[in-house]
Amino acid sequence: MIWRLTYTSAARGPTGRSGFQFVAMSPGTPPDVTRAVTPYMTYRPPPGAPSAPGPDALAGFPIALAYGREGPYAVLARCRYTGRDYSGRYGNFLGQAVVATPEEMAGLRPIEFWDSPLWNSPSWDSPLGDPPLGDSRLGDSPPADSGLGDSRLGGSPLGDSRLGDSVLGDSSMGGSRPGDSPLLNAPSGGPSPDESGGGGARSWDPSDGLPPGAAFDPETLVGWLGGERAHDRLAAVLDAVTTVLVAGHGRVVLVAEDAELIARWIAVMSYSLPADLAADLSFITYTADPEAAPYVVVGTVPAACPERGFRLDDPFVRPGTAPSRFAQVIADCWRTGDLAGIDAVGELIGEAIRPDPAFPRDGAAAGVTGGATEGDRSGDSGPVSPPDGSAAGTHDGARQVSPADGAATTTPDGSGEVAEAHGMARPTPGGSRPVPPFGAGRAVPDHSGPVPPFDDAARTPPGGSRPAPPFGAGRAVPDRSGRVPPFDDAVTGTSDRAGGVTRLDGAAALLALCRGDASVSAAEQQVAARLVRDQGVPGWARSAVPPVLPALGFDLAAALADAVPEAAEHCVRLALADPGARRRLPAVRLRGGLPEEFRAAIAEAPDLETLAEVVGLADRVGGALDADRVVAAAAACARRGAGEPPAAVQATPGAWREAMVAGVVSGVESAPAAVRRAMLTPEACAALGDRDWTRAPRTGGLVLSVRADRLTATAELIALDAHGLPDLDELLGVLWSEPPTVPECRWLAERLAPVLPRFAVLRDLPRRVFDAVPLEAGETLRLARLIDERLPDLADAARTVLAYGGALRAGPEEDLARFLAVLRPGEPLAERALAGVARVLAGRSPLARTRVLAAAPGAVRDALIRHWLAAGPDRRARADLAEIGVRLADANVTAAPLEEWADGLGRFARRQIESALADRDPWLAAAWQGSRRRGA
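Source: prediction; values computed, not measured.

Cut-offs and rules
Residues numbered from 1 in each chain as written. Predicted model: local features only at pLDDT ≥ 70, side-chain atom pairs only at ≥ 80, totals over all residues. Heavy atoms only, no water. Buried < 20%, exposed > 50% of the residue type's maximum accessible area, 1.4 Å probe, protein only. Helix = DSSP H or I, 4+ residues; strand = E, 2+ residues; numbered from the N terminus. Pairing = 2+ DSSP bridges. Core = buried A, V, L, I, M, F, W, Y, C linked by side-chain atoms within 4.5 Å. Contact = heavy atoms within 4.5 Å. Phe/Tyr/Trp six-rings, centres within 6.5 Å; stacked < 30°, edge-to-face > 60°. Lys NZ or Arg CZ within 6 Å of the ring centre and 35° of its normal. Polar contact = N/O pair within 3.5 Å; in protein donor to acceptor, adjacent residues only side chain to side chain. Axes fitted to C-alpha atoms, helices over the stretch in contact; angles between N-to-C directions. Parallel < 35°, antiparallel > 145°, perpendicular 65-115°, else oblique. Left-handed = near helix turned anticlockwise from the far one by under 90°. Nonpolar A, V, L, I, M, F, W, Y, C, P; charged D, E, K, R; others polar.

Remarks on the pairing of strand 5 (residues 90-100)
Moving on, step 1. Counting buried positions along strand 5 gives eleven out of eleven residues, so the element sits mostly inside the fold.
Moving on, step 2. When strand 1 (residues 3-10) meets strand 5, the two strands line up antiparallel, connected through five bridges. Residue pairing for strand 5: L5 is matched across the bridge by A97.
Moving on, step 3. Between strand 4 (residues 73-84) and strand 5, which pair antiparallel and follow one another directly, the connecting turn spans five residues, one of which, G88, has a positive phi of 90 degrees.

Okay, structure coming up:
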């Protein structure tokens, strides 16, 4: 839906009052549309303008075409000064507004309506009250130069009674219509229908859409810029405009005597920006108070802004800082007439640069520049007193004039209410705060465009711009959306060249790069890469990228890789050269596999881990690899001892792991012994797995020597003996550093009996196993019998165990003594067996033990006695030992340990033994006494 509204000073409005008000609007115009338009209905003549202008002077007053977004509406407003109102007083203006939705504005730049025929349409809107023409009740006709009288009204009386009680928006109203008035039909800079010879303009039908003008088509602007040689000025102005748009606050002031020149520059800015961003480019072509105008681009005359802004009709003064990448690239496109290049940048940006809706879209951000919030147009207030300062006086309560300076501040809201006198801020829709006067903490752009911080705005010297602080010192940094969030210390209207790159710059940088510009920085490429990832690869880049591949950094190449095969190949090349980039490589598949590049990368790999990374990269992207080359490269690294085999094998893709392992084995096998041992850690041996080690016996020997399965490893090591495995005994010693278990020794005896005697380590295993296990256990005795049968040459320990077992099971003392005869006291295993037999015999009678000792060899006899004595005999056990000694002496059997023990007893112990022996048999006691006397 499109609505049109007309605003001016009328004798009688819809409420019956006179003064400034809406006098016509489209039927059914919603109240929120009226509220959105109201702040735009303002006009103040330029400072120094004639106080009582005639027709020629009126034609020279600047036209104020304004555009802004108000909630869901796009508002276009055109205000032009008309001189005197119905009462003959100066200060009147005609305001026309068109309100549409953004969808209805799609494909159009708002500035295209500068010379739109809709401003001249004779069928403007439905009248709301008496037309703003001369009222017959005044008694006199309007002044001839007011533009208020027109014979075309057909003699219709101005105070037509049919309109006196009209209803707002009533489409049934008759009588004269404001659209029939030459005032409402006033042209926008061109001749009126009367001046052009009559006939009138064609009526505008809203169903036809919004008709743009023809003054500012891009092709015409290309020629104009070239004729003016204004491309450097364009870059500076565009840089300032985009800075404000990206930051979300600030304004850019354009200064010229001719408002059409300002409109022309706004048109250039609008066509330079992506369509979505241009829709956020609020502007006004003329205002008498640029410091308070809440637009992104503010036009004014030199008299209203003598020392600030971009002076468009003076020679261009190049600013001290270079323009942004975006501004420079777009200016170059205008220079060469490359409108397609401008569209290409806009296509890439899309909506990625639109400011956050939470922040003001047009005007200065509150709290940053001191500007008004969105919708606050109070700094450019309504109808004013004559330029000479004389008060027009109040009339019918329509407006009040300050006695101090005569400035009228009528509220243009159509409500009939009167604003406060000059010096009090006019309320704005939505209750937004008033705009402070100039100098009260407000920032204003200087000639170079940037806006100084509002804190020091009042201290900025006239004609001089305040230098911007370095990056990071109170400067807002663009986030991922390309918008700089406003905060109290942000420098408005500037962008940082040291590190801040906006998405606009990134898009322009991609275009520049594709056209061979080698100056594009890494930071600009990174921003361009983010844009491509977010927005997709633009169609124009697909064919433009391949010729400039060497200039592409990794991030940008990675972003383009999906759509541009050459970029994918370039990205992989960069990843091959930069290990840090490999983890960031996107999922791409190569067309040809880059065989030469991967062959070189494989051959030049400094270590096994790097080789694994290259192999993994090739596996991910479809790189061309040759298994033999992978084996050779891995062997070369392993031979030098470069790398960790476990990590490399783990990092190698499964399809290439066997080639990696084969290369490591080959290299380690031919490496010096010290390198081989250093490389083959237990973890490395485990990573190499099971394989045929006959071709790499040295490596296989080390790998097998640390295997957990010692039995299979032993068998394989013995098998490698035939293939020249050196130091086999040493390897077996490492493998069997811990004593074998009974099951392990049984497995070896059953399967490797013929070869066990060849190796010292294996020959010792039967003894070691019995040293560590209970001798009386059934499995121990079974193992001893197996060894005695299969390995008779290694069965000494086994026979000791068997003798021990037989002794434990023997019945008569003579049989027990026979088993003990094979033991060799002094050997650890024999001592363990004798200790066991001594414990068993200790439970038998002294007579039985005497028979065993008498039948046993002397060494065995002495060993058994020592075990009994070592047990710390108590009183009874001492008596038993004394009895055994008496009986052995009686049998003429020498038992030196017993004699030494008895001789060492004290008198009291001897008497105890004598008493105990006397109780057993007086003969024993007498023999004990006799032997002690002889010994004494």
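We are not done yet, so read on.
Examining the nonpolar core
Moving on, step 1. Grouped together as the largest cluster of nonpolar side chains are 218 residues, with contacts concentrated most on L254, W265, W334, V572, F598, F770 and L820.
Moving on, step 2. In contact with F770, not counting residues within four places along its chain, are L775, T780, L783, A784, I787, A797, A798, V801, L829 and R832.
Moving on, step 3. The next biggest cluster of nonpolar side chains, apart from the first, holds 37 residues, and it includes F22, A66, Y73 and A77.

Section: the packing of aromatic side chains
Moving on, step 1. Across all of its chains, the model carries twelve aromatic pairs by this definition.
Moving on, step 2. Pairing Y43 with Y286 gives two aromatic rings, centres 5.5 Å apart and planes at 45 degrees, and the pair type is tilted. With a gap of 243 residues between them, Y43 in the loop between helix 1 (31-37) and helix 2 (55-59) and Y286 in the loop between strand 8 (283-284) and strand 9 (297-300) connect regions that are remote in the sequence.
Moving on, step 3. Note on Y43: relative accessible area 2%, which makes it buried.
Moving on, step 4. Assessed through its relative accessible area of 2%, Y286 is described here as buried.
Moving on, step 5. Each member of the aromatic cluster is reached from another via a ring pair, and the members are Y7, F20, F22, Y43, F61, Y81, F93 and Y286.
Moving on, step 6. The ring of W224 has R264 sitting right over it, with the charged end atom 5.3 Å from the ring centre.
Moving on, step 7. Its end group placed over the ring of W868, R849 keeps NZ or CZ at 4.8 Å from the ring centre.

Some words on the side chain of S26
Moving on, step 1. Residue placement: S26 occurs in the loop between strand 2 (19-25) and helix 1.
Moving on, step 2. Looking at S26, its side chain comes within polar contact range of the main-chain nitrogen of R4, at 2.8 Å.

A closer look at the packing of helix 32 (residues 846-855) against helix 34 (residues 875-890)
Moving on, step 1. Put simply, helix 32 and helix 34 touch, their axes get as near as 9 Å, and they point 50 degrees apart. Between helix 32 and helix 34, the interaxial angle falls into the category oblique. In the crossing of helix 32 with helix 34, the sense of the turn from one axis to the other is right-handed. On helix 34, the residues touching P846, L847, R849, T850, L853 and A854 of helix 32 are D880, E883, I884, R887 and L888.
Moving on, step 2. Of the residues that constitute the contact of helix 32 with helix 34, the class distribution is six nonpolar, one polar and four charged.

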